[in-house]
Amino acid sequence: MQRKKFIKLTGATGVFTMFGGTAWLLQSCNGQNNMDMSANSIKIMQGYFSTPLPSPPAFDLKNTTAFETKQTQVEILKGKKTNVYGYYDGVLGKTFVVNKGDVINLQFTNSLQQATNIHWHGLIVPSKMDGFPSAVTAPGSTFQYQFSVNQRAGTYWYHPHPDGLTAGQVMQGLAGFFIVRDEEEAALKLPNGDSEIAFVILDRRFKSSGDFDYTPTNEEVMTGFFGDYILVNGAYNPYKIVKAGWNRLRIINGSNAEVYNLAFSNGQNFAVIGSDAGLLAAPETVNDMLISPGERINMLVDFSNSANKEIFLQSKTFDGGGVQGKEAFKILKFAIGEKTNEPFTLPTTLSAIEKINPSAATKTRTFDNSNASMHGGGMMNIKMDTEDTTSKTGSNMGEKGMNKMKMGMHSINGIAYDAAVINETVTAGATEIWEFDNSKGIEIHPMHFHGNHFQVLERKGGRGRLIATEKGWTDTVLLLPGEKVNVITTFSQLKGKYVLHCHNLEHEDSGMMLNFEMV
Ligand code: C2O
Ligand code: CU
Ligand code: CU
């Protein structure tokens, strides 16, 4: 059933297949290695798209004071049971739908066998509420999450963030939507009700037992871990019945590593209206759009010419993504019904977005994402076994974390993550430019930081331009190999510790994260 992504190596890499240790790292983690990226070959398993798209239920925040993460079983593949983690009975979590200004006050219970915490991705919350990697809730313990939502409408999400355990826990199903509404957005009267569809795209591998298979090898920690089954809201190859009119899609890429190049099977255009942190200033009509792990797209798509037809949302191939983008596949089937008479015209403007003037920046920080430590001194502190330790712990994900033994395979500025170290100190309220530099890198890195949204100023190298989802407020920006991206933000007044990291979760857990403290 399961076919693994494999990477063919060329050149002096015979050692690669024989040992998993340091020799391998030295060869493949630096910028000039011998990986033949074109030889990557994952085969996505495509089925019949006969399962209705499930939607996680909305959280009843008025009558709920507590929630819990636990392990339960669900049927994802026909006739098989999959052990999953979720924030209720099943995979994923309930959807938070709140208005700007609402207060969250919930007691969280960790009923898993391992420590966890919750990060509210894209929400600007105090450090203590943000899911800092070493601030975890022990098995059987509770934590009170309490914060108010004072930010733009948008499609945010939540997932665990424990040091070294994030990738494995997300892989088991821990993720949920956090949708914020506000008056500015409501005034636009965008398609809603049945025509507003939120879904998260996840790629997974399965064992023959039906359980998720998460046993990344060294090379899969380098590239990120890819699945051969594409799940949408936890369902394999689902379909959604929609109206033959305008629909609003809120899409999260909740995959650990896979970048999707979203497009429709009939070749039609769609309008990108929002990115990670809410609406764009104006819609931008495109034919396809990359979405990297952690990112969200809000789009409006007009199916009015396709009554009684089927259209697939698919991922098209793309260039420049290292091992990524080599295969096209279907993600979700839209079964389009009769034409509606609900009139809707695409607005010409969406949101007032004030551009931060780069001259307001008091500091520019540079973050090298090329993993230069692999051919510098950074290897010194790395504890590595000479064989793949993860395959033995399998998907039990021991307390130490799947990738703890891989710590140091990734870094920022040559330094692998240490929860106890403050790498950068930022003055609360300051305006700064942060430059992410993957110009010598060979992997993709969706860079994300907590506690603040940012604006993307420019991309040099690679694609050399900004794409639609980078033209408003955002919190995650993709760097393809060869790219350098500048972002600007005015930091909030929420003093405390936050993290900057790559949202390729194998990269994150193996060291590609740092702490910054707002003082
Ligand atoms: Cu969704 Cu720190 O990440
Ligand atoms: Cu985040
Ligand atoms: Cu990365």
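A short tour of the structure in this document, coming up. All values derive from a computational prediction rather than experimental measurement.

Calculation notes
- Throughout, a residue's number is its position along its own chain's written sequence, starting from 1.
- Lettering for chains starts from A, numbering for ligands starts from 1, and both go in the order in which the items are written.
- The predicted origin of the model limits local features to residues at a pLDDT of at least 70 and limits the giving and counting of side-chain atom pairs to 80 or more, whereas totals for whole chains, interfaces and linings rest on all residues.
- Hydrogens are left out, water is left out, and the side-chain values use all remaining heavy atoms of the structure.
- Segments assigned H or I by DSSP are reported as helices when at least four residues long, segments assigned E as strands when at least two residues long, and all are numbered from the N terminus.
- Residue exposure (1.4 Å probe, protein chains only): buried if accessible area is under 20% of the type maximum, exposed if over 50%, otherwise partly exposed.
- Residue contacts follow a heavy-atom distance rule, with two residues in contact if any of their heavy atoms lie within 4.5 Å.
- Note that accessible areas follow from Shrake-Rupley with a 1.4 Å probe, and for residues the cover is restricted to the protein chains shown.
- Donor criterion used throughout: N, O or S atom within 2.8 Å of the metal, extended to 3.2 Å for Na, K and Ca. Water excluded; incomplete-looking sites may result.
- When a carboxyl oxygen of Asp or Glu is within 4 Å of a side-chain nitrogen of Lys or Arg, the pair counts as a salt bridge.

## Remarks on the overall build of the protein
So, step 1. Scanning the protein from terminus to terminus reveals seven helices and 30 strands.
So, step 2. Taking all 519 residues of the protein together, the buried fraction comes to 62%.
So, step 3. Contacts in the protein between residues at least 24 apart in sequence constitute 80% of all its contacts with a sequence separation of at least 6.
So, step 4. Surface exposure of the protein reaches about 18,900 Å², of which carbon and sulfur atoms provide 50%.

## Structural notes on the coordination of the copper ion (ligand 3)
So, step 1. For the copper ion (ligand 3), the full set of protein donor atoms is H445 (ND1), C502 (SG) and H507 (ND1), at a range of 2.0 to 2.1 Å.
So, step 2. Along the chain, the residues that donate to the copper ion (ligand 3) are spaced as H-x56-C-x4-H. Here H507 lies in helix α7 (residues 505–509) and H445 lies in strand β25 (residues 445–449), a separation of 62 residues in the sequence. Per residue, the accessibility class of H445 equals that of H507, and both read buried.

## Focus: the pattern of salt bridges
So, step 1. Applying the stated criterion across every chain, the model contains 19 salt bridges.
So, step 2. In this structure, R250 and E196 form a salt bridge, with 2.8 Å as the shortest nitrogen-oxygen distance. With R250 in strand β14 (residues 246–253) and E196 in strand β10 (residues 196–204), the pair connects residues that are 54 residues apart, well separated along the chain.
So, step 3. Under the relative-accessibility criterion, E196 is labelled buried at 17%.

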